[in-house]
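# Structure assessment
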Amino acid sequence: MGKPSRVILITGASDGIGAELARQWAARHREAVVLVLAARSLDKLEGVAAACRSAGASVLVEPCDVGVKADCDRLVASTVHAHGRIDVLVNNAGVSAHALLSDVPDLGWYEDVMRTNLWGAVWCTHAALPHLLASRGQIVAVSSLAGLVGVPGRTAYSASKFAMTGFFEALRVEVAARGVSVTIAYPGVVDTQIRYRGYDALGRPAGRSGLDERGAMSVETCARLILDGTEARTRDIVMSAKGRAGRWLKLIAPGLVDRLALKALNQEAKA
Ligand SMILES: NC(=O)c1ccc[n+]([C@@H]2O[C@H](COP(=O)([O-])OP(=O)(O)OC[C@H]3O[C@@H](n4cnc5c(N)ncnc54)[C@H](OP(=O)(O)O)[C@@H]3O)[C@@H](O)[C@H]2O)c1
């Protein structure tokens, strides 16, 4: 009997980075992978699934709102029921937000950001953990450079991504000796629709990007870096030279990092 196909569960797989990651995984490993694709938009998931199937991968499509714990539990249960194992869990589903705190009249949507970006990843990981321990598998968390450096105008988003970073750094140490690795990806600005869909100060879809989109990384490059880093069981994937420099600069000259962040915010305000 040949080796069983690896079962890869990706949240937020209907669009953007998660969808591209699924397509690249299928193209790279074909029938050696089973992809479980989760998000809320079933029609978009089916489109991604068709592309993955045509590359030779088996695909299970699972509607799931990661902001609902019961959905996360069901996603993991359906995966194990259908395929008996989970080898890789990619916590990628996420929402963006852009507002100055002083412009926010009601913090209700801050809780929604935390529920999707943090709690969705925590609920999926908790439900999948026994299966990942059994397979000596891998956890991937898609955080953000905003999870390493606080970004003005992004208190909700940065808080959710710092929280993800803390959760997965701590978990990494808990599970390492039991054969499970944790890879945290820190993309910078990637060319997807996330900022246009993200919350504005009033909790509505922003309809515009609050960032400078020039020089955004392509979604193909971002997904390739995540896939390469996952396959190498890399600890952290910090995606841009600016991101890598910012991480060190914050240790030796934190005030300078603040000033650069404020300058970027002021430039955006003028744009
Ligand atoms: N693009 C960037 O510049 C960038 C930079 C740093 C980090 N990131 C992170 O990368 C991840 C992917 O972002 P992206 O740029 O690919 O965004 P995107 O194109 O907007 O895609 C987001 C994905 O997450 C899913 N999603 C959103 N809310 C969900 C929920 N409640 N339950 C289940 N799925 C949900 C969406 O599907 P449905 O709407 O169908 O549910 C979609 O598949 C996010 O965690 C984001 O924070 C992105």
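The structure presented is a predicted model; accordingly, all values stated were derived computationally and were not measured.

## Some words on the sheet that holds strand E7 (residues 236-238)
Ordered by their spatial adjacency, seven strands build an open sheet running E3-E2-E1-E4-E5-E6-E7, and the pairing between neighbours is parallel. The open sheet has two free edges, formed respectively by strand E3 (58-63) and E7, since each of these has just one partner strand. On average, each strand axis in the sheet is inclined to that of its neighbour by 15°, with strand direction left out of account. Bridge count between strand E1 (residues 6-11) and strand E4 (residues 88-91): three bridges; the pairing is parallel. Bridging across to E4, Ile10 finds its partner in Val90. Where helix H2 (residues 42-54) meets the sheet, it contacts strand E2 (33-39) and E3, and its direction lies at approximately 170° from that of E3.

## Side note on the site of the ligand
What surrounds the ligand is a group of 30 residues, the closest being Ser41, Tyr157, Val190, Thr192 and Arg197. Contact distances for the ligand include 2.7 Å between an oxygen atom and a side-chain N or O atom of Ser14. Measuring from an oxygen atom of the ligand, one finds a side-chain N or O atom of Ser41 at 2.5 Å. Expressed as a share of its isolated accessible area of 880 Å², the protein-covered part of the ligand is 95%. Looking at the shell around the ligand, the elements that each hand over two or more residues are helix H1 (16-29), helix H5 (155-176) and helix H6 (194-197). Among the elements that take part in the shell around the ligand, H6 stands out by supplying three residues, more than any other. Residue composition of the shell around the ligand, by class: 13 nonpolar, eleven polar and six charged.

Reading guide: rules and limits
- Residues numbered from 1 in each chain as written.
- Predicted model: local features only at pLDDT ≥ 70, side-chain atom pairs only at ≥ 80, totals over all residues.
- Heavy atoms only, no water.
- Pairing = 2+ DSSP bridges.
- Helix = DSSP H or I, 4+ residues; strand = E, 2+ residues; numbered from the N terminus.
- Axes fitted to C-alpha atoms, helices over the stretch in contact; angles between N-to-C directions.
- Contact = heavy atoms within 4.5 Å.
- Near = heavy atom within 4 Å.
- Polar contact = N/O pair within 3.5 Å; in protein donor to acceptor, adjacent residues only side chain to side chain.
- Areas by Shrake-Rupley, 256 points an atom, 1.4 Å probe, with all protein chains shown as cover.
- Nonpolar A, V, L, I, M, F, W, Y, C, P; charged D, E, K, R; others polar.

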